Amino acid sequence: MTSAVRLVAQRELVLRLRTKWFLIGTLVIVAIMAGYVLLQMSFFGGEDRSRIGFAGQATGLSERVADAAAELDIDVETTTVVDLTAAKADLSDGSLDAVVSGTAAEMRVLVKEELNPRLRAVLTELSRQEVLTAKLAQAGVPDPTAVMAEANAARVDVTAIDPGSAADDQRLAIGVIMVFLLFMSINTYGTFVAQGVVEEKSSRVVEILLATIRPWQLLLGKIIGIGLVGLIQLVAIAAAGIALALAADVLTLSSVAVSTLVWGAIWYLLGFFLYAALFAGSGALVSRQEDAQSVLTPVTLVLVVGFVAGLNVMIVDADGVAARAMSLVPLLSPVLMPGRIAASDVAVWELALAIGLTLATIALVTYLGGRIYHNAVLHTGSRMKLTAALRG
Amino acid sequence: MALDAQHTAVRYAVEVAGLCKRYGDVVALNDVGFTVGPGELFGFVGSNGAGKTTTMRIMLGVLAADAGEVRVGGTPIDRETRARIGYMPEERGLYPKMTVRDQLVYLARLHGLSTNDAHTAAENWIRRLGITDRRDDEIQKLSLGNQQRVQLAAALVHDPALLVLDEPFSGLDPVAVDVMSEVLKEKAAQGVPVVFSSHQLALVERLCDRLGIIRDGAMVAVGSIEELTAAATTRLRVGVDGAPGWADDVAGVRVVGDDGDATLLELAQHADEQAVLRAAMAAGRVTEFSRYRATLAELFRNVVVEGTAQ
């Protein structure tokens, strides 16, 4: 009996993995993600780096400027400018951001349009220190450098109430990407289940199959087979995405990423089984591919509404009441819960409740979907009424 | 094949007994019953909508009957026995995007054959039905005739112990009809009971050992062709050089038709042949006077179309 389920699943798996669309589709999505990562990289890489040229007397300042900038987390690259005309050209074409000349106390800065305000603060501070040191010496202070060092060592003491919030942006990004991938996978592969059911009906092969195996075996095998294809694709895409992002240093939270991947796979399975039964039951109502769209739209709509609303709620506040409530609604949790797990901290009881509710819904939906499928799968001709299919 | 030897030893008789099925207010089947012995070719005949397909679907377990049962070898049919049936549904169907070979191997495996046996059996039937050079093509790329051959192979690939074929000859070219006839006879010769429905009555007459006629969901005749046609009313073929209509007033005689050379008559039971002859001689020179057996087509017309149950 179970060997029939295995055979059906195997057919779906092999046939679908072998199509060129599976490979092409997967590669295209990975390529899009790689493009996204590269984009992030160029932002992070180019945004803050300032190239400063030092001319004449100012050449001796380059090291102090670099140190002061590093202290404020500003990325600077210093060069020595010999030819001021060439330096102006470099400023015009953007390969230099500023040229510093003059003494420490009287710095002159040449820029194309305006000076980066943070850089201006660094240079101004340096200039002030220089002036201050000179004034202290004039006032007869024995060791002005020591005084300045003491003054510079003064720091404010910061205590964070919510440490790690700097990582929140990354976590939210991981969560949003996961939500998107799950929505796509469940929707795509759920639709494949429905199309497979309709294909068997429209080609009439279902009658030969049902003369050999039972409806539930055919349905279960189909769902398992197609679900595995989707799982393989989801894990491949997510793993490739995480690997790319880690390699490019866009992502630094490898443990969050991996746990998101694992939870994503688990929730994909839960969500897929939940929606597959709905998709299969809907598909069984019609006999032609042309009619399929009309019965699938309501199912897809639930998924889309959950996805759009959930994504917005999550971006606004992943830990807010709305996000927490919506992630517990059975038809929405498969998409939202893994997003929340990535983006915020989900309480164990919430997770347990969501899984429990989803499993219960799967049982109910599988019963109803299986019943509709059983009653409608041999019905040919016009679209079958849902109530008729449920009654049998 | 080793499988053949193994299965010919088992000689099943199939009994269909008291099948009833209704769809709402419509009675699809009412007490349908017949028996097909081992090695027997049984023709199942009836108009469209008479209940042939419903009966066959119930035999396969695709539909559930409201009452009655199907017995194989004396025991009610179960899942395991059903896996040994070769079935060709009226609505032909295969996976359009699967290749011929993959399709046949898959179906053989679903019927319980091992991977190796499934491949061997698929290759055998592909060769036997002359579709070797198409075996790696998708079904949807085959001509209709070749699709039918694959469909037949699909019904035979697991070496069935019982064949149930719904309209196996419809849509076949003459060569394929011959191939199909040969295959059915061969399977019957191996002891496999073969049930098939057809509208091609000449074919049924030529192939079948016994047949059953169904009308409005009830069996109206079951037996061998000889039994059925012999039991029918006496028929006369009379050639007369004279005015047509000479037989209209003879008692107990009904004019069935006229084939140009002769008038075809049907006699009521106990009607006097001699009276017919006298009437014919009175009408003109009698060129022919013979008794003939009703063809299956005429029998069918009597029983089904005109509703004159015997």
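Residues numbered from 1 in each chain as written. Chains lettered and ligands numbered in written order. Predicted model: local features only at pLDDT ≥ 70, side-chain atom pairs only at ≥ 80, totals over all residues. Heavy atoms only, no water.

### Section: the overall build of chain B
Assigned secondary structure in chain B consists of eleven helices and 14 strands. With the C-alpha coordinates aligned to their principal axes, the bounding extent of chain B is approximately 75 × 45 × 40 Å. A separation of at least 24 residues holds for 69% of the contacts in chain B among residues at least 6 apart in sequence. Accessible surface, chain B as shown: approximately 13600 Å² in total, 48% of it carbon and sulfur. One finds the centroid of the 32 positive side-chain charges in chain B at a distance of 4 Å from the centroid of its 42 negative side-chain charges. (Helix = DSSP H or I, 4+ residues; strand = E, 2+ residues; numbered from the N terminus. Contact = heavy atoms within 4.5 Å. Areas by Shrake-Rupley, 256 points an atom, 1.4 Å probe, with all protein chains shown as cover. Lys, Arg positive; Asp, Glu negative; His and termini not counted. Charge placed at Lys NZ, Arg CZ, Asp CG, Glu CD.)

### Re the interface of chain B and chain A
Every contact between the two is made by 22 residues of chain B and, on the other side, 22 residues of chain A. Contact between chain B and chain A buries roughly 2300 Å² in total, counting both sides, with carbon and sulfur atoms accounting for 60%. Area buried by chain B at its contact with chain A is led by B:Arg79, B:Tyr95 and B:Leu110, which between them contribute 31% of it. The tally of links from chain B across to chain A stands at three salt bridges. Notably, a salt bridge pairs B:Glu91 with A:Arg204, separated by 3.3 Å at the nearest N-O pair. Every element with two or more residues in the side of chain B that touches chain A is listed here: α2 (52-60), α3 (79-82) and α4 (100-110) of chain B. Top contributing element to the side of chain B that touches chain A by residue count: α4(B), with six residues. (Buried area = accessible area lost by both parts, 1.4 Å probe. Salt bridge = Lys/Arg side-chain N within 4 Å of Asp/Glu carboxyl O.)

### Regarding the layout of surface pockets
Residue and element names in this part refer to chain A. A volume near 880 Å³ is recorded for the second largest pocket. As for the second largest pocket, its lining consists of 32 residues, and the residues nearest its centre are Leu15, Arg16, Thr19, Trp21 and Phe192. Secondary structure elements with two or more residues in the lining of the second largest pocket: α1 (2-18), α2 (20-47), α7 (168-202) and α9 (215-247). The dominant element in the lining of the second largest pocket, judged by the number of residues it contributes, is α7, at nine residues. Of the residues belonging to the lining of the second largest pocket, the class tally is 14 nonpolar, ten polar and eight charged. (1 Å grid on protein atoms, 1.4 Å probe; cavity = no way out; pocket = protein on both sides within 12 Å on 5 of 7 lines; lining within 4 Å. Points joined across faces, edges and corners; volume = space filled by probe spheres on them. Nonpolar A, V, L, I, M, F, W, Y, C, P; charged D, E, K, R; others polar.)

### So, the sheet that holds strand β9 (residues 210-215) of chain B
Paired through backbone hydrogen bonds, the strands of a sheet run either parallel or antiparallel to each other. Residue and element names in this part refer to chain B. Strand order in the open sheet formed by six strands is β6-β7-β8-β3-β9-β10, with mixed pairing between adjacent strands. Of all the strands in the sheet, the pair left with one neighbour each is β6 (85-88) and β10 (218-224). Strand-to-strand twist of the sheet, defined as the mean angle between neighbouring strand axes without regard to direction, takes the value 15°. Where strand β3 (residues 41-46) and strand β8 (residues 194-197) come together, four bridges link them in parallel fashion. Looking at the pairing, Phe42 lines up with Val195 of β8. Helix α6 (residues 144-156) contacts β6 and β7 (162-165) of the sheet and is inclined by roughly 160° relative to β6. (Pairing = 2+ DSSP bridges. Axes fitted to C-alpha atoms, helices over the stretch in contact; angles between N-to-C directions.)

### A closer look at the nonpolar core
Core analysis: the biggest nonpolar cluster contains 169 residues, and B:Phe34, B:Met59, B:Leu104, B:Phe169, B:Leu184, B:Phe196 and B:Ile213 have the highest contact counts within it. The element best represented in this core is helix α10 (residues 254-284) of chain A, accounting for 15 residues. In this structure, A:Ile52, A:Leu61, A:Ala98 and A:Leu123 belong to the second largest nonpolar core, which totals 17 residues. (Core = buried A, V, L, I, M, F, W, Y, C linked by side-chain atoms within 4.5 Å. Buried < 20%, exposed > 50% of the residue type's maximum accessible area, 1.4 Å probe, protein only.)

### Thoughts on the pairing of strand β11 (residues 235-241) of chain B
Residue and element names in this part refer to chain B. The element β11 is extensively covered by neighbouring structure, given that five of its seven residues are classed as buried. Examined bridge by bridge, β11 and strand β13 (residues 263-267) share four bridges and lie antiparallel to one another. Residue pairing across strands places Arg235 opposite Glu266, the latter belonging to β13. Sheet topology note: the β11/strand β14 (residues 285-292) ladder contains seven bridges and is antiparallel. Residue pairing across strands places Arg237 opposite Ser290, the latter belonging to β14.

### Remarks on the pattern of salt bridges
Residues and elements named next belong to chain B. This model, assessed by the stated rule, comprises 32 salt bridges over all chains. Note that Arg235 is salt-bridged to Glu266, the shortest N-O span being 2.9 Å. Remark: Glu266 occurs in strand β13 and Arg235 occurs in strand β11; sequence separation between them is 31 residues. We classify Arg235 as buried; its relative accessible area is 2%. By relative accessible area, Glu266 is classed as buried at 11%. The partner of Asp272 in a salt bridge is Arg278, and the shortest N-O contact between them spans 4.0 Å. Judged by relative accessible area, which is 42%, Asp272 ranks as partly exposed.

### Re helix α4 (residues 84-93) of chain A
Between the side-chain oxygen of the N-cap and the backbone nitrogen of A:Thr85 there are 3.1 Å, and the N-cap of α4(A) in question is A:Asp83. At the C-terminal side of α4(A), A:Gly94 shows a positive phi close to 90°. (Polar contact = N/O pair within 3.5 Å; in protein donor to acceptor, adjacent residues only side chain to side chain.)

### What to know about the domain arrangement of chain A
Here chain A is partitioned into domain 1 (3-32 + 167-391) and domain 2 (49-152). With centres defined by C-alpha atoms, the gap from domain 1 of chain A to domain 2 of chain A works out at 58 Å. (Domains from an automatic or database assignment.)

### Looking at unusual backbone geometry
With a phi close to 65°, A:Arg204 is a non-glycine residue in the positive phi region. Counting through the fold element by element, A:Arg204 comes out in the loop between α7 and α8 (205-210). A positive phi is found at B:Glu167, a non-glycine position, where the angle reads about 50°. Turning to its location among the elements, B:Glu167 is positioned in the loop between β7 and α7 (174-189).

### What about the pairing of strand β4 (residues 107-110) of chain A?
All names here are of chain A. Direction of pairing for strand β3 (residues 98-102) relative to β4: antiparallel, over a ladder of four bridges. Across the sheet, the residue bridging to Gly102 is Met107, located in β4. What sits between β3 and β4 in their antiparallel hairpin is a turn of four residues.

### Focus on the packing of aromatic side chains
Under the defined criterion, the tally for this structure stands at nine aromatic pairs over all chains. Judged by centre distance (4.1 Å) and plane angle (5°), the rings of A:Phe183 and A:Phe307 are stacked. Remark: A:Phe307 occurs in helix α11 (residues 289-316) and A:Phe183 occurs in helix α7; sequence separation between them is 124 residues. Arranged with centres 5.7 Å apart and planes meeting at 25°, the rings of A:Tyr268 and A:Phe272 form a pair that is stacked. Pair noted here: A:Tyr268 and A:Phe272 are both in helix α10, with a separation of four residues, about one helical turn. As far as burial versus exposure is concerned, A:Tyr268 and A:Phe272 are alike and both buried. A:Arg11 extends its terminal NZ or CZ atom over the ring of B:Tyr95, reaching a point 3.5 Å from the ring centre. One cation-aromatic arrangement involves A:Arg11 over B:Tyr106; the distance from NZ or CZ to the ring centre is 5.6 Å. (Phe/Tyr/Trp six-rings, centres within 6.5 Å; stacked < 30°, edge-to-face > 60°. Lys NZ or Arg CZ within 6 Å of the ring centre and 35° of its normal.)

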